[in-house]
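Coordinate inspection notes
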Amino acid sequence: MTSPLVVAIDGPSGSGKSSTSRGVADRLGLAYLDTGAMYRAMTWALLQRGVDLDDPAAVASAADAVRLESGTDPLAPTIHADGTDVAEPIRTDEVTGAVSLVAAVPHVRELLVDLQRRAIGEAPGGIVVEGRDIGSVVVPDAPVKIYLVADPAARAARRAAENGGADAAATEAALAVRDQIDSTRAASPLVQAHGAVVVDGTHLTLDEVIDTIVGIVDAAS
Ligand SMILES: Nc1ncnc2c1ncn2[C@@H]1O[C@H](COP(=O)(O)OP(=O)(O)O)[C@@H](O)[C@H]1O
Ligand SMILES: Nc1ccn([C@H]2C[C@H](O)[C@@H](COP(=O)(O)OP(=O)(O)O)O2)c(=O)n1
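Each value, and the rule that gives it
Residues numbered from 1 in each chain as written. Chains lettered and ligands numbered in written order. Predicted model: local features only at pLDDT ≥ 70, side-chain atom pairs only at ≥ 80, totals over all residues. UniProt positions renumbered as here; feature names shortened; annotations may be inferred. Near = placed C-beta within 6 Å. Helix = DSSP H or I, 4+ residues; strand = E, 2+ residues; numbered from the N terminus. Nonpolar A, V, L, I, M, F, W, Y, C, P; charged D, E, K, R; others polar. Axes fitted to C-alpha atoms, helices over the stretch in contact; angles between N-to-C directions. Parallel < 35°, antiparallel > 145°, perpendicular 65-115°, else oblique. Left-handed = near helix turned anticlockwise from the far one by under 90°. Contact = placed C-beta atoms within 7 Å.

The chain is annotated in an unreviewed UniProt entry as Cytidylate kinase from Aeromicrobium fastidiosum. You can read under Sequence similarities (unreviewed entry) in the UniProt record for the chain the words "Belongs to the cytidylate kinase family. Type 1 subfamily." Looking at the Subcellular location (unreviewed entry) heading of the UniProt record, one finds this comment for the chain: "Cytoplasm".

This part is about the site of ligand 2. The immediate surroundings of ligand 2 are formed by 15 residues, with S13, G36, Y39, A103 and G131 found nearest. Ranked by residues supplied to the shell around ligand 2, first place goes to helix α2 (residues 35-48) with five residues. Looking at the shell around ligand 2 residue by residue, the class counts come to four nonpolar, six polar and five charged.

For the rest of this paragraph, the subject is the packing of helix α1 (residues 17-28) against helix α9 (residues 206-220). The geometry of α1 relative to α9 is characterised by a closest axis approach of 9 Å and an angle of 55° between their N-to-C directions. Classified by the angle between their axes, α1 and α9 sit oblique to one another. Where α1 crosses over α9, the handedness of that crossing is right-handed. Together, S19, T20, G23, V24, R27 and L28 of α1 and L206, V209, I210, I213, V214 and V217 of α9 make up the contact between the two elements.

Below, the structure is given as structure tokens:
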């Protein structure tokens, strides 16, 4: 591989993309970009501005003024919106419940895909990028594409544990709603990209998933 290595990791919510991507980037000495955090940060900024998120035209016009910055160190990734560190507020239920609406607006996706491609261009040593449309839209020619999945019950149990033991059944129902919106929207729905390798992490530990993906990257190099 001559051009900088890009590893695209897509998959549904809670499949392990963030933890796995950080681990793979750390092991391989690559940068790391969490595109879900960018959609969340955009959602946070629009909520701060009081924009009606049910109005796609209002979302599209307000989005132009939002300034997002992503730090790509896999051991200490950062996300700022309009100069504010939003790493914590983007994980609230309010943002989580609203982000799919914002991510469905084509102009928001244009803005963020442009920022994502710029971040990839600024990582000459290579980068792991995770999201929903990385292998299908953002970097369709990425030399390594992974579609990371896990059973809905496993994903919900992990998310519930992460949220201090939240109710697993309610978490699974909320994940199902978000999966449905993310995979059926018109603009860049979640799909298994052409050429992506499916990795099912349901019965694997995090380290085993990282090992599997590092093995796929090594085989492609
Ligand atoms: N293979 C795995 N086994 C057990 N827990 C995992 C595994 N992969 C991820 N997790 C845990 O599941 C939760 C969700 O993972 P995360 O990486 O945030 O998923 P995503 O980015 O796909 O939403 C985290 O608490 C993470 O530590
Ligand atoms: N490239 C991306 C990344 C995320 N999104 C959407 C899909 C999700 O509903 C939100 C938040 O993504 P995020 O990866 O943070 O979600 P989870 O941590 O998996 O719950 O953004 C997207 O549409 N395209």
